[in-house]
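Single-letter residue listing:
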Amino acid sequence: MYSLCVPLVHPSTAVNSTLQLRNLRKSMILAGINAYIIPDTDAHLSEYIAPRDARMTFMTGFKGSAGTAVVTQTKAALWTDSRYWVQAEREMDCNWELNAADVVIQSSMFLPIGLFNMRGNDIPYNPFFYSYTLLTMKEIWDAVAVIQLLMWLEKAVPEGNETELTAADYVNKCRQKQKDSKGPSFETISASGPNAALAHYSPTTKTSRRLTVDEMYLVDSGGQYLDGTTDITRTVHWGQPTPMQKEAYTRVLMGNIEISRTIFPSGTKGVYMEMLGRRALWEVGLNYGHGTGHGVGNYFGVHEWPVGFQSNNIGFTAGMFTSIEPGYYKENDFGIRIEDIALTVPAKTKYGHKYLTFETVSLVPYDHKLIDPALLSPQQVRLILTFLTAHLIF
């Protein structure tokens with residue numbers, strides 16, 4: 001029933017996992033299990049584990065400290081990050097497929113209910129069942145398309161031949177080249193100068209403006225993939241921004257980060273956190289007229305109710321995806337929006353449990369030329385630098 005793994009060339013450091021997999025698959029059949037997840041941690045989610053809890057190493061031969069293995073009747077795969085790719089190739093035999101860590105395995109029992117409309121009876125008085133959900137992180141690949149656009153524009157705009165329409169067409173074509181792409185998730189908002197002051201403007205042959213180094217440019221775009229939906233906004237300037245533009249951009253970025261880093265009890269509604277995205281703007285009499293964020297589907301609607309930051313949205317629980325997108329728009333002049341997708345994850349606190357925070361999964365850089373450090377307090381500088389160090393900046 002099970003084929004033996006007999007490669008022609010086998011590293012001497014690799015562990016033969018044929019017997020382990022054969023025994024596990026037999027047990028899975030008896031228990032009626034289709035897929036078995038093997039984590040790199042123990043039952044307490046410890047960073048350092050006892051040898052008896054090293055199940056991933058026992059099954060795969062891989063000794064790295066970060067990874068997740070999944071076994072079905074026909075496949076066995078390991079996901080780990082780039083630190084361990086070479087090591088995993090040396091330690092695992094040909095029974096295993098090695099994959100880049102572009103997925104998230106969620107242990108929340110609420111996620112299958114929302115994603116797949118599934119119910120069970122494992123928990124008294126609640127229609128839940130013990131489960132794990134495998135979510136692919138298309139944000140990683142989608143970021144490639146957006147970065148390709150921004151790099152191309154940085155070189156092409158000074159030549160004076162590109163427009164809002166050609167930029168929108170370029171990013172759409174970049175996404176089409178990504179694996180499992182099914183097209184844009186909405187009509188691309190590609191706006192420069194005064195057009196960017198219209199929060200949901202999309203260019204036409206009549207309205208499209210030529211891109212120049214003298215104006216700000218805002219691009220809000222997203223993609224549909226077989227394993228995910230994306231939505232991201234970046235604002236850039238290829239020349240010399242004005243002090244007002246830098247201040248507005250910096251305050252919008254501060255609002256984005258303030259929401260991203262906040263810690264809150266599970267079940268808290270977004271409407272109670274929404275003002276964090278506006279506070280830095282309010283301090284100088286600025287504001288924006290749209291919502292601060294919305295739920296995002298998984299190869300579904302890019303605006304997925306009921307997650308978000310408005311009064312009719314439900315409370316946040318672990319495993320939810322939301323956009324975080326404060327902005328500022330100066331009529332007939334420019335527009336700014338910084339939108340990231342964030343995953344709701346458990347937060348570590350000194351005393352409480354059941355607290356959450358947001359983990360930003362968008363990986364596209366911010367424009368450092370538009371950040372004004374002089375506007376920031378020492379604490380804000382530390383927060384901004386910490387956040388930007390964890391990501392990338394131009």
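Residues numbered from 1 in each chain as written. Predicted model: local features only at pLDDT ≥ 70, side-chain atom pairs only at ≥ 80, totals over all residues. Heavy atoms only, no water.

An unreviewed UniProt entry annotates the chain as X-prolyl aminopeptidase (aminopeptidase P) 2, membrane-bound originating from Neogobius melanostomus.

Draft legend 1. Structural detail: the overall build of the chain. Looking only at helices and strands, the chain features 9 helices and 18 strands. Every one of the 394 residues in the chain was classed for burial, and the buried ones make up 51%. In the chain, 62% of the contacts between residues at least 6 apart in sequence involve partners at least 24 apart. For the chain, the accessible surface area stands at approximately 20300 Å², while carbon and sulfur atoms represent 56% of it. (Helix = DSSP H or I, 4+ residues; strand = E, 2+ residues; numbered from the N terminus. Buried < 20%, exposed > 50% of the residue type's maximum accessible area, 1.4 Å probe, protein only. Contact = heavy atoms within 4.5 Å. Areas by Shrake-Rupley, 256 points an atom, 1.4 Å probe, with all protein chains shown as cover.)

Draft legend 2. Structural context of the side chain of Q245. For Q245, the location among the structural elements is in helix α7 (residues 243–261). Beyond its immediate chain neighbours, meaning those up to four positions away, Q245 contacts M216, H237, F334 and I336.

Draft legend 3. Just the packing of aromatic side chains, in detail. Applying the stated criterion across every chain yields a total of 8 aromatic pairs. Each member of the aromatic cluster is reached from another via a ring pair, and the members are F264, F309, F316 and F358. One residue, R278, lies across the ring of Y288, its end atom 3.8 Å from the ring centre. (Phe/Tyr/Trp six-rings, centres within 6.5 Å; stacked < 30°, edge-to-face > 60°. Lys NZ or Arg CZ within 6 Å of the ring centre and 35° of its normal.)

Draft legend 4. Focus on α7. With 19 residues, α7 should cover 27 Å at 1.5 Å per step; its first-to-last C-alpha distance of 27 Å lies within 8% of that length. Across the 19 residues that make up α7, a large majority, 14, are buried. (Expected span 1.5 Å × (residues − 1).)

Draft legend 5. How the structure looks around the pattern of salt bridges. Under the defined criterion, the tally for this structure stands at 12 salt bridges. Between D220 and R337 there is a salt bridge, with the nearest N and O atoms lying 2.9 Å from each other. Of this pair, D220 sits in strand β9 (residues 216–221) while R337 sits in strand β16 (residues 334–337), and the two are 117 residues apart along the sequence. Where salt bridges share partners, they join D220, E325 and R337 into one cluster. (Salt bridge = Lys/Arg side-chain N within 4 Å of Asp/Glu carboxyl O.)

Draft legend 6. Spotlight on the sheet that holds strand β10 (residues 223–225). With respect to topology, 3 strands assemble into an open sheet ordered β7-β10-β11, the strand pairing being antiparallel. The open sheet terminates on both sides in strands that have one partner only, identified here as β7 (181–184) and β11 (228–229). The pairing of β10 with β11 spans 2 bridges and is antiparallel. Its bridge partner being in β11, Y225 is matched across the sheet by G228. (Pairing = 2+ DSSP bridges.)

Draft legend 7. Structural context of the side chain of D220. D220 sits in the buried class, given a relative accessible area of 5%. Reaching out from D220, the side chain makes a polar contact with the side chain of T233 at a distance of 3.1 Å. Not counting residues up to four positions away in its chain, the partners in contact with D220 are F186, T188, I189, D231, I232, T233, R337 and E339. (Polar contact = N/O pair within 3.5 Å; in protein donor to acceptor, adjacent residues only side chain to side chain.)

Draft legend 8. Here's a closer look at the pairing of strand β18 (residues 355–360). Of the pairings in the sheet, the one linking strand β13 (residues 264–265) to β18 comprises 2 bridges and is antiparallel in character. Note on β18: the bridge partner recorded for F264 is L356. Both strand β17 (residues 340–346) and β18 contribute to a ladder of 5 bridges, which runs antiparallel. Within the sheet, the bridge partner assigned to V345 lies in β18 and is T357.

Draft legend 9. The nonpolar core, seen in detail. Counting residues in each nonpolar core, the largest one holds 17 residues, and the members touching the most others are Y249, Y328 and I336. Among the elements that make up this core, the one with the highest residue count is α7 (5 residues). Beyond its immediate chain neighbours, meaning those up to four positions away, I336 contacts M216, L218, T235, Q245, A248, Y249, V252, P326, G327, Y328 and Y329. Grouped together as the second largest cluster of nonpolar side chains are 16 residues, I38, M59, A69 and A88 included. (Core = buried A, V, L, I, M, F, W, Y, C linked by side-chain atoms within 4.5 Å.)

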